[in-house]
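Coordinate inspection notes
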Amino acid sequence: MSATQAALTQLLPLAGDTFDKNKVTPGILGFIVFAALAVGVWALMKSMNRHMGRVDFQEAPEPGSAGAEGTRAP
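Residues numbered from 1 in each chain as written. Predicted model: local features only at pLDDT ≥ 70, side-chain atom pairs only at ≥ 80, totals over all residues. Heavy atoms only, no water.

1. Observations concerning the overall build of the chain
Counting its regular elements, the chain contains three helices and zero strands. Reading the chain from its N terminus to its C terminus gives the helix and strand order α-α-α. The buried share among the 74 residues of the chain stands at 1%. Surface summary for the chain: the accessible area is close to 7,400 Å², and the carbon and sulfur share equals 66%. (Helix = DSSP H or I, 4+ residues; strand = E, 2+ residues; numbered from the N terminus. Buried < 20%, exposed > 50% of the residue type's maximum accessible area, 1.4 Å probe, protein only. Areas by Shrake-Rupley, 256 points an atom, 1.4 Å probe, with all protein chains shown as cover.)

Structure (structure tokens):
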């Protein structure tokens, strides 16, 4: 066993005793990351709605329909 593994083996039990699993929270960093993701999703949805509002889609008539025959040039 190397010195690093021996040191980690001795320190891991100490790390497990210092934290109460019932009191661990994400803290301020977790809130900031969550808020940034929420603002990013909101901005993307707003941009998508603006771009979808600009779309003007008209479907081309099918080649075999009656409307297509009347629009042909002689």
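Still to come is the rest of the account.
2. Concerning a nonpolar patch on the surface
Residues Ile-28, Leu-29, Phe-31, Ile-32, Val-33 and Leu-37 make up a contiguous nonpolar surface patch of about 650 Å² in total accessible area. Ile-32 sits in the partly exposed class, given a relative accessible area of 49%. (Patch = residues over 30% accessible without salt bridge, like charges linked within 9 Å, V, L, I, M, F, W, Y side chains within 5 Å. Salt bridge = Lys/Arg side-chain N within 4 Å of Asp/Glu carboxyl O.)

3. Examining the confidence of the model for the chain
With 68% of its residues at a pLDDT of 70 or more, the chain shows a mean pLDDT of 79. Averaged pLDDT values for the elements of the chain fall to 54 in helix H3 (residues 66–70) and rise to 96 in helix H2 (residues 27–53). (pLDDT = per-residue confidence, 0-100.)

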